Amino acid sequence: MTDPFDPAEFTDPAHANDPHPFWRRLRDVGGVVPGLFGSVQVVRRGEVEFALQHPEIFSSAMEAVDLGQKRPLIPLQVDPPDHVKYRRLLDPIFAPRQMAPLEDDITGLVNDLIDAFIGRGECEFGAEFAIPLPSAVFLRMMGMPLSDLEMFLSMKDGIIRPQGTTVEEVQAYQRRSAERIDAYFEQALEERADHRRDDLLSRFLDAEVAGDRLTEDEILGMCFLLLLAGLDTVTDALECDLAYLASHPGARQAIVDDPAIIPSAIEELLRWETPVTTVGRVAAADAELDGCPIAKGTRVGVGLGTANTDERAIPGADRVDLTRNPNRHLAFGGGVHRCLGSHLARLELRVALREWHRRIPEYHLAPGTELVYSPALRQIDRLPLVFGLP
Ligand code: HEM
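First, a word on scope: everything that follows refers to the structure included in this document. (Residues numbered from 1 in each chain as written. Predicted model: local features only at pLDDT ≥ 70, side-chain atom pairs only at ≥ 80, totals over all residues. Heavy atoms only, no water.)

## Here we look at the pairing of strand β7 (residues 278–283)
In terms of strand pairing, strand β3 (residues 58–59) meets β7 through two bridges, oriented antiparallel. From the neighbouring strand, Phe58 faces β7, where its bridge partner is Ala283. Here five bridges tie β7 to strand β10 (residues 299–303), and the two strands are oriented antiparallel to one another. The residue of β10 that forms the bridge with Arg281 is Val300. (Pairing = 2+ DSSP bridges. Helix = DSSP H or I, 4+ residues; strand = E, 2+ residues; numbered from the N terminus.)

Structure, rendered in structure tokens:
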């Protein structure tokens, strides 16, 4: 018999720490299950793929995810047909051949971070590595000085981890942070108005497809989204990877013995851990999925984590196999909104895991550590690592 569940369980911290048993129970209930506050959750692989492939029913419009922003996040909150215009402009800028030349730079940044703590024989992996790395890479790509890193991290946190005890306070804090971010990039665009540089902002200014160019407002919207979409996601993936490897010495040793498996290990850990567990949609029309009626306007959570571990679609789905091939996971989403930054994310993860294991092949969780994961984006509260074997 199917083990029933209560939608309140979606906020149970125990499920965030170890989501797999809960995800299995959800899939056993059906393809679509009730979520919190009248929403629904799509949980089996087949239904998740359907939802991702049908933006005309499962829309990404602003109502799908409310971050208190004043304009839609481009291209995340834009539905087809307008969405295609932005992806045609952006895809070439984030294509693998544009990312590859960043490898040396990222290798340097990774080693600078490791240099700062390797002598101590321990680190807090989040604060000292996983959080600063993607922001440092982003600043380099944008053509902004690395000395802005601290200020940049605080602006980003103002949106993602706003302060305040009431909804009004939180929204006011986010608004002020958004204004600071806009002002920061507005000034950077001004500096490039007459003198282009070899950086992403200059490329945004010049990007053109069939006579279409991005307006300054659109560029600011994109910078804002890149900051939301491209930083914490990489942080979370790095933390999930290192937490897994620190607690599975056999997997860690396999990477040390044969670094050539790092690319496939990254894919498998993206599948197993799925740092972005769910993506938000809103029903643009009355619909039905797996026999479940979904009224127009209903919020829909599309479960990438549950889909990635669905034994109905993936052989050996409940087993971590660092050499799994093929591995068609949905950790970067699917359909038209599939992650724009997946090539950059993979490069950052690959360089980070390669350099880390070259310099720190043995490490473990600091004794007594209990890992606490956040639910939707799988960030770990604290990840203290001690170098060497326990
Ligand atoms: C491991 C790291 C990452 C993960 C797991 C991840 C995951 C995702 C997922 C699941 C989506 C689909 C959202 C949806 O369907 O609603 C997405 C979209 C997106 N991601 Fe990533 N992402 C990562 C890194 C990055 C990076 C580094 C960038 C920066 C360039 C980035 C930029 C974007 C953008 C702009 C979109 C929206 C694409 C669109 O709507 O067309 N992501 N990402």
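Don't stop here, the text continues.
## Observations concerning the pattern of salt bridges
In a structure, side chains of opposite charge can pair up when their charged atoms sit close to one another. Enumeration over the complete set of coordinates arrives at 30 salt bridges. Across the pair Asp105 and Arg140 runs a salt bridge, and its minimum N-O distance is 3.0 Å. Of this pair, Asp105 sits in helix α6 (residues 103–118) while Arg140 sits in helix α8 (residues 132–142), and the two are 35 residues apart along the sequence. Since its relative accessible area comes to 36%, Arg140 is described here as partly exposed. Taking the shortest distance from any N to any O, the salt bridge between Glu273 and Arg378 comes out at 2.7 Å. Within this pair, whereas Glu273 is found in helix α15 (residues 262–273), its partner Arg378 is found in the loop between β11 (363–365) and β12 (384–387), the two being separated by 105 residues in sequence. Accessibility classification places Glu273 together with Arg378 in one group, the buried group. Through salt bridges that share partners, Arg27, Asp28, Asp310, Glu311 and Arg312 make up one connected network. (Salt bridge = Lys/Arg side-chain N within 4 Å of Asp/Glu carboxyl O. Buried < 20%, exposed > 50% of the residue type's maximum accessible area, 1.4 Å probe, protein only.)

## Describing the layout of surface pockets
In this structure, the second largest pocket spans a volume of roughly 210 Å³. Every residue along the wall of the second largest pocket is listed here: Arg45, Glu49, Arg271, Ala313, Ile314, Pro315, Arg324, Asn325, Pro326, Asn327, Arg328 and His329. Looking at the lining of the second largest pocket, its residues break down into four nonpolar, three polar and five charged. (1 Å grid on protein atoms, 1.4 Å probe; cavity = no way out; pocket = protein on both sides within 12 Å on 5 of 7 lines; lining within 4 Å. Points joined across faces, edges and corners; volume = space filled by probe spheres on them. Nonpolar A, V, L, I, M, F, W, Y, C, P; charged D, E, K, R; others polar.)

## A short note on the coordination of the iron atom of the ligand
Counting protein donors around the iron atom of the ligand gives one, Cys339 (SG), at 2.3 Å. Structurally, the position occupied by Cys339 is in the loop between α16 (304–308) and α17 (342–359). (Donors = N, O, S within 2.8 Å, 3.2 Å for Na, K, Ca; no water.)

## Notes on the site of the ligand
With respect to spatial proximity, 26 residues lie near the ligand, and among them His83, Arg87, Arg281, His337 and Cys339 are the closest. Contact between the ligand and His83: an oxygen atom at 2.7 Å from a side-chain N or O atom of the residue. A distance of 2.7 Å is found between an oxygen atom of the ligand and a side-chain nitrogen or oxygen belonging to Arg281. Of all elements in the fold, only α4 (82–90), α12 (216–230), α13 (232–247), β7 and α17 reach the threshold of two or more residues within the shell around the ligand. Examining the composition of the shell around the ligand, we find that four residues originate from one element, α12, more than from any other. The residue makeup of the shell around the ligand, split by class, is 18 nonpolar, six polar and two charged. (Near = heavy atom within 4 Å. Polar contact = N/O pair within 3.5 Å; in protein donor to acceptor, adjacent residues only side chain to side chain.)

## Examining the side chain of His337
On the secondary structure map, His337 appears in the loop between α16 and α17. Here His337 falls in the buried class, since its relative accessible area comes to 14%. A polar contact is formed between the side chain of His337 and the side chain of Ser60, at a distance of 3.3 Å. Within the structure, His337 has its side chain in polar contact with the side chain of His83 (distance 3.3 Å).

## Observations concerning the sheet that holds β7
Spatially, five strands are ordered β1-β2-β10-β7-β3 in an open sheet, and the strand pairing comes out mixed. Because the sheet does not close on itself, it has two edges, and the strands there are β1 (32–34) and β3. Each of β2 (40–42), β3, β7 and β10 touches helix α3 (residues 45–53); the most contacted strand, β10, lies at about 125° to it. (Contact = heavy atoms within 4.5 Å. Axes fitted to C-alpha atoms, helices over the stretch in contact; angles between N-to-C directions.)

## Digging into the packing of α13 against α17
Running from N to C, α13 and α17 point in directions that differ by 35°, and their axes come no closer than 10 Å. For the pair α13 and α17, the sense of crossing is right-handed. Here α13 contributes Val234, Ala237, Leu238, Asp241, Leu242 and Leu245 to the contact with α17, which in turn contributes Ala345, Glu348, Leu349, Ala352, Leu353, Trp356 and His357. (Left-handed = near helix turned anticlockwise from the far one by under 90°.)

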